[in-house]
Amino acid sequence: MRRRTPPPPSPLPQRDGVDPVRVRLPGGDGGRWATVREHLSERFGAARAGLVDQMFSAGLIVGADGRAVPADTAYAPGMFVWFHRETPVETPVPFPVEIVHRDAHLVVADKPHFLATTPRGSHVTETALARLRRELDVPALGAAHRLDRLTAGLVLFTVRPDERGAYQSLFRDRRVRKVYEAVAPYDPSLTLPVTVRSRIVKERGTLTAREVPGEPNAESLVELIEHRPGDGLARYRLTPLTGQTHQLRVHMASLGVPLLGDPLYPEVTDPVPAGDFRRPLQLLARELEFTDPITGVEHRLRSRRTLAAWSSYDDWTRGERGQ
């Protein structure tokens, strides 16, 4: 098998814990573009062509040597260029990222609700990865997996880039035991525990995933921890045996007990304004259990967070902030 040549190191430093964007000019159909500018303008769309021109004029697009790439540079298949993305205006998420484990190889963080794991879309500097790089002064920190922005709990980050693949393979090969907790309505007619199996698809550009007929690709164990007769709520233990997008949220909704605070399932609700941190989704990545692929150490890590609708339902319904 032909091994891929690794890309050259970035000539630009991180900014606020965020890596610069790296673009490799594609081969094959390189004849479509005469210059680097033509390719980037097409790649990022007509609406952003003016911004691309501004970046070239300001010398913000650089090559592997760190020098500014002129807009009329001839297109060369396989060439790399770097630039810093335009940082959106972000509302700070007013909750800390706590550390539950740290050693020379990994950092396991306890992420709050509302904070994205890694930079994407409108969430760039206000992400767990960017924050931890800044706060721990570990620029090479990388995410081994992700949690949804609205889900709180444990996320594993790697310290050394050359070891990241080994930790990512734990999740890819299902060698990590993940346990979640959730708060949802209590249904006395629902027989638990139950293993839910279905086929879930998530199409690009759609907010929600959906169940469709076909061979199951998603499996979740749902167990009841306890329930409260007074308010009709229950606390559940959820163990995903696969890792489809929104799997636990879809499966709980299909059982007729959708998670409290879920803006997508069973129905999509109107988006909340930026800075509205009330009524977080009542889903918590409670435990991670795995054998460290580098050290051989057996890890069983547990989130210290609580779900607000269970610890203080009245505060949660009033929308009082708290994580």
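To be clear, the structure that these remarks concern was listed above.
What counts, and where the lines are drawn
- Residues numbered from 1 in each chain as written.
- Predicted model: local features only at pLDDT ≥ 70, side-chain atom pairs only at ≥ 80, totals over all residues.
- Heavy atoms only, no water.
- Buried < 20%, exposed > 50% of the residue type's maximum accessible area, 1.4 Å probe, protein only.
- Helix = DSSP H or I, 4+ residues; strand = E, 2+ residues; numbered from the N terminus.
- Contact = heavy atoms within 4.5 Å.
- Patch = residues over 30% accessible without salt bridge, like charges linked within 9 Å, V, L, I, M, F, W, Y side chains within 5 Å.
- Areas by Shrake-Rupley, 256 points an atom, 1.4 Å probe, with all protein chains shown as cover.
- Salt bridge = Lys/Arg side-chain N within 4 Å of Asp/Glu carboxyl O.
- Lys, Arg positive; Asp, Glu negative; His and termini not counted.
- Charge placed at Lys NZ, Arg CZ, Asp CG, Glu CD.
- Pairing = 2+ DSSP bridges.
- 1 Å grid on protein atoms, 1.4 Å probe; cavity = no way out; pocket = protein on both sides within 12 Å on 5 of 7 lines; lining within 4 Å.
- Points joined across faces, edges and corners; volume = space filled by probe spheres on them.
- Nonpolar A, V, L, I, M, F, W, Y, C, P; charged D, E, K, R; others polar.
- Core = buried A, V, L, I, M, F, W, Y, C linked by side-chain atoms within 4.5 Å.

Caption draft 1: Fine view of helix α5 (residues 247-254). Counting buried positions along α5 yields seven of eight residues, so the element is predominantly enclosed. Restricting attention to buried positions, one finds in α5 the residues Q247, L248, R249, V250, H251, M252 and A253. Buried residues in α5 make contact with β7 (177-185), β8 (194-201), β9 (210-212), β10 (218-228), β11 (233-240) and β12 (283-291). Downstream of α5 by a residue or two, G256 has a phi angle that is positive, lying close to 85°.

Caption draft 2: How the structure looks around a positive patch on the surface. Where like charges cluster on the molecular surface, the positive patch consists of R120, R146, R164, K202 and R204. Counting through the fold element by element, R204 comes out in the loop between β8 and β9.

Caption draft 3: Structural view of the pairing of strand β13 (residues 298-302). Alternating positions in β13 separate cleanly, H299 and L301 being buried on one face and E298, R300 and R302 remaining unburied on the opposite face. One ladder, built from five bridges, connects β12 with β13; its direction is antiparallel. Counterpart to F290 in the pairing with β13 is H299. What sits between the antiparallel neighbours β12 and β13 is a turn of six residues, in which G296 has the positive phi angle 80°.

Caption draft 4: A look at empty space enclosed by the protein. A complete count under the given rule lists one cavity of 30 Å³ or more for this structure. Taken as a whole, the largest cavity encloses approximately 70 Å³ of empty space. What lines the largest cavity is R15, D16, V18, D19, H84, R85, T87, V124 and T125. Broken down by class, the residue content of the lining of the largest cavity amounts to two nonpolar, three polar and four charged.

Caption draft 5: Geometry of the nonpolar core. Counting residues in hydrophobic clusters, the biggest one holds 35 residues, and the most contacted among them are L141, F157, Y236, L238, M252 and L283. For this core, the secondary-structure elements that each account for two or more residues are β4 (106-111), α3 (128-136), β6 (152-158), β7, β11, α5 and β12. Among the elements that line this core, the one with the most residues is α3, at four residues. Leaving out residues up to four positions away in the same chain, L141 has contacts with V107, L129, L132, R133, F157, T158 and V159. If you look at the next biggest cluster of nonpolar residues, it comprises 14 residues, including V36, F56, V81 and F83.

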